[in-house]
Amino acid sequence: MTTTHHADQTGAEPVDVLDPHLTRFDIVKEGLRRDDIEIVTYESQFHGQNSKAEKRVVRNISLLFVIAGIAGLAFLVFYIVWPWEWELGHTLSDYYTPILGITLGISLLSLGFGILAWAKKLLPHELSIQQRHGEPSSDEDRLITGQTMMFVADELGVQRRPLLKGAIGLGLAPLGLAAAAPLVGGLIENPHKGEHPMMYTTGFHPSNNGGKPVRLIRDDGTPIRPDDVSAGGQMTVYPGIPHGTTNQHADSPTLLIHLRADDAAETRKNAEEDKNGRNVGSMWGNYVAYSKICTHAGCPASLYEQQTNRLLCPCHQSQFLITDNAQPVFGPATRRLPMLPLTVDEEGFFVAASDFKDTVGPDFWERP
Amino acid sequence: MKSRKNDLADAPVKFAKGVDDRFQAATPLRALLNKVFPDHWSFLLGEIALFSFIVLLLSGVFLTLFFDPSMKEVAYDGEYLGLRGTMMSAAYESSLHLSFEVRGGLFMRQMHHWAALLFMASIIVHMARVFFTGAFRKPREINWVIGVLLFLLGFFAGFTGYSLPDDGLSGTGLRIASAIMLALPVVGTWISAAVFGGEFPGELIIGRFYIAHVLLIPGILLALISVHLGIVFKQKHTQWPGPMRTNTNVVGERMFPRYAMKQGGFFMAVFGVIALMAGMFQINPIWLFGPYRASEVSSASQPDFYVMFMDGLVRLMPNWQIYIPIGNGYSLPPMFWPAVVGLGALFTLPMAYPWLEARKLKDNRTHNLLERPRDNPERVGIGMMALTFFIVATISGSNDVIADKFHISLNAMTWAGRIGLLILPPLAYYISVRICLGLQQHDRQVLAHGVETGIIKRLPNGAFVEVHQPLGPVDDHGHPIPLEYAGWVVPKKMNRLGALAPAVKGFFFPVEKPADVPVSPAPIGSEKREEIKSGR
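Numbers given for residues are sequential positions, taken from 1 along each chain in its written order. Here chains are named by letter from A upward and ligands by number from 1 upward, in the order in which they appear as written. This being a predicted model, a pLDDT of at least 70 is required before a residue's local features are given, and a value of 80 or more before pairs of side-chain atoms are given or counted; all residues contribute to the totals for chains, interfaces and linings. Values shown for side chains rest on all heavy atoms present in the structure; no hydrogens or waters enter the calculation.

## With respect to the overall build of chain B
Convention followed: Secondary structure follows DSSP: runs of H or I at least 4 residues long count as helices, runs of E at least 2 residues long count as strands, and numbering of each begins at the N terminus. Think of it in three bands: residues with accessible area under 20% of the maximum for their type are buried, residues over 50% are exposed, and the middle band is partly exposed, with areas taken using a 1.4 Å probe on protein chains only. Only heavy atoms matter for contacts: two residues are in contact if any of them lie within 4.5 Å across the pair. Values of accessible area rely on a 1.4 Å probe in the Shrake-Rupley scheme; residue burial ignores everything except the protein chains shown. Neither His nor the chain ends is counted toward charge; the positive residues are Lys and Arg and the negative residues Asp and Glu. One atom stands in for each charge, and that atom is NZ of Lys, CZ of Arg, CG of Asp or CD of Glu.
Looking only at helices and strands, one finds 17 helices and eight strands in chain B. Its C-alpha atoms give chain B principal-axis dimensions of roughly 90 × 90 × 45 Å. Here chain B holds 536 residues, and 49% of them are scored as buried. Contacts in chain B between residues far apart in sequence, at least 24 positions, make up 73% of those at least 6 positions apart. Carbon together with sulfur atoms contributes 68% to the accessible area of chain B, which is approximately 27,000 Å² in total. Between the averaged position of the 48 positive side-chain charges in chain B and that of its 39 negative side-chain charges there is a distance of 8 Å.

So, in structure tokens, the structure goes:
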């Protein structure tokens, strides 16, 4: 019998719940006994009913609930009447969000503390002990369940019918692939497709401009003359093609720098002495242009330190030395910023002599 | 007339009978009402995460009513003058619209963001609690694994969420995410092209992140949270050792009404704190960042704090690149190590930890009693090592801000992070193990000799000794008989033994009340202690 089992656990005797002499608490305790719970202590936090201390706690809790209501009402009123539409300058609407937060916060905190105080201060203290019954199933039950599962396998008879096994493996496997194919297949884009694969070409590639060299333009679309950048100055430039300044050509932003004469001489010397020689002849006069897209994670390496001739990427602090082929000199970047071959067209505006000779942007596996 | 009145009074009883006839609810409901929960403040840390998640769902649904997950270029024509006429994506425009032209929209946006931060922060603290007290041991390993998965999902929920407004900061985050995908060997460019639908940024990513953020990830989160709580319910909560507490019982209070009320009150309090923060502390002021443009970034570009450790690891990684000179040549960028291997290890190693520890300790028993951190110094050491690693990486994630504000060289900060990442975790291990051993030793000392009373006695031979209050019986010479350590707090001060009443009375009284232990000999003023106890 389960009842005797329970009685063993908690030590309490079962009672007849239909006995009219039982109090409600007696019935609750019988329920607890059946759930293997023993109430060890259960006592009011106050001496007698309606004691002074109890009344004080009740008053405090009521006060908290009233505050919650008033603050909630205040939230509602401010939500409706306070000028909320954003205006220029220092206006009343600046306080709209803080007022909402303060009123709603006070309301919810008061409600929360009220409920907590009710539970902690008013309700009787109790200490109950429940048995866990965390023991595993009996060995018999384990055996029965195991055998039942094996029996299911027997019923299917896959072991006895090797043809069926083979048919499931070979015949149905393609169905799983077929289910996965449209889910995955639609997403696949070949990053290397086309004559000018996206990983290796930028907006400065002449193919974007009908085969002609692409102009360097400003943010507002205007082309740039050498005189527009003063010595020691720099400017962010974009390819002069449709949407050239938008994120459609996110790999194209370039930094055009007008070096001082001695820095320019050093830069040119370093480009010529460089082993791979890709940057030879890419400068135009004292001007040099480097891709702005960091070779580490692709952020714009846009902080130009004039004193040290370094470019700093604010994302992960890679630093590139402008006068030495934009070689990384500090931080996690391994690869130099590619140099854009510069020249000037017949109208006197800067154009890219060709696309970048190195791959722009973060490094990847198959980059040659 | 009389019968009608009776009918009304009987209605609840009739209703209950009807329910039980159909669903047999009475017996399981009784068991539910009676379920006993152990209580300790540290068990509530996980609840903060749960309650934040509920706030996230509620505020998030509101945000979807206004957000347009489209990357179509539009010219801004809203209230905010600073950006009028600027070309931007529809996603960013709708986020601005939500912030400026929807009544209370900014409040809801900030509530959503703060709730997300609180969600992640409380998960971290909750995990630390579970780890340091050994609550992950058998039979709860699976729930620990689910917890780690919840952190991982929260990480991605957060990242996909703060990417949605498509502002200058979040676009930079997306750019870095694409670089991380590109760093994967062999499949990198293919993965990135598949996720972004071509070249970065394309025009699809916000829509894709949106569905991941509002449906896929929250759906999995909700399912895993339900399983997480279901397992806690089924296996019953762990408890601290203490009087009457054994490995096979739960000592506490019944779920209804007291425990459930405390939960409800705590939910309201957490909700209230989030509301206060949402109103008073500005977060992610997207209108200051402008729309995302590939050519623009400001310094102090930081992700949310729970992603910062990864950004820090990426910053600290030296520029070691592996070139493979086959064919055209292949390369493995340095990004691969912190962002792919690092992130992978950071999630798989903790998942495996319960089994690794059990294997090392050859411990296959079921543990329902928690272990005080000091009683397992090596675990504490390993945990502190992991936390130190996490903290150094997180600080390094904002090293440019620190360098700027404290006028420290940026390169020095990077080097400090690199060295700190290697030196500090082992140091933390050593120090915390020593602290644990010291605390253990002091516990045993007090159990053997009693509590220091502060009373110095001079012996006839001139020596000075301190009088100790024994915690248990004494032998014939008056020396205490050493007590067995019970895995729980050992009283170390006389007022823990009832020598002094708690100093603070009223609403705020100390959480740890003096233990009601019979003291022999009775300290002075024990009658007074009785009086205060009865008065409360």
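## A look at a nonpolar patch on the surface
Put simply, the test is: Nonpolar side chains (Val, Leu, Ile, Met, Phe, Trp, Tyr) within 5 Å and like charges within 9 Å form the patches, drawn only from residues with over 30% relative accessible area and no salt bridge. Any Lys or Arg side-chain nitrogen found within 4 Å of a carboxyl oxygen on Asp or Glu counts as a salt bridge.
A contiguous nonpolar surface patch, about 1,000 Å² in accessible area, is contributed by Trp415(B), Ile419(B), Leu422(B), Ile423(B), Leu424(B), Leu427(B), Tyr430(B), Ile431(B), Ile435(B) and Leu439(B). Within the secondary structure, Leu422(B) is located in helix α16 (residues 410-449).

## So, the pairing of strand β5 (residues 254-258) of chain A
Residues and elements named next belong to chain A. The cut-off we apply is this: Here, a strand pair is defined by DSSP locating no fewer than two bridges between the strands.
Among the five residues in β5, five count as buried, and that is most of the element. By the alternation rule, side chains of β5 split into Thr254, Leu256 and His258 and Leu255 and Ile257, which are all buried. Strand direction decides the pairing type here: β5 and strand β6 (residues 287-291), joined by five bridges, are antiparallel. Its bridge partner lying in β6, His258 is registered against Tyr287.

## A look at the confidence of the model for chain A
Inclusion rule: For every residue, the pLDDT score states the predictor's confidence, bounded by 0 at the bottom and 100 at the top.
On average, chain A scores 91 in pLDDT, and the residues at 70 or more come to 97%. pLDDT under 50 marks residues 1-8 of chain A. Its contacts with residues more than four places away, or in other chains, come to eight contacts.

## Observations regarding the sheet that holds strand β10 (residues 327-330) of chain A
For clarity, the threshold we go by: Axis geometry follows a simple rule: fit a line to the C-alpha atoms, using only the stretch in contact for helices, then measure angles between N-to-C directions, giving values from 0 to 180 degrees.
Reading across from one edge, β7-β8-β9-β10 (chain A) is the order of the four strands in this open sheet, with antiparallel pairing throughout. Sheet topology places β7 (303-305) and β10 of chain A at the edges, where each strand pairs with a single neighbour. Strand-to-strand twist in this sheet, taken as the mean axis angle between neighbours without regard to direction, amounts to 35°. The pairing of β7(A) with strand β8 (residues 310-312) of chain A spans three bridges and is classified as antiparallel. The residue of β8(A) that forms the bridge with Tyr304(A) is Leu311(A). Against the sheet, α16(B) makes contact with β8, β9 (319-321) and β10 of chain A, and its axis sits at roughly 70° relative to β10(A), the strand it touches most.

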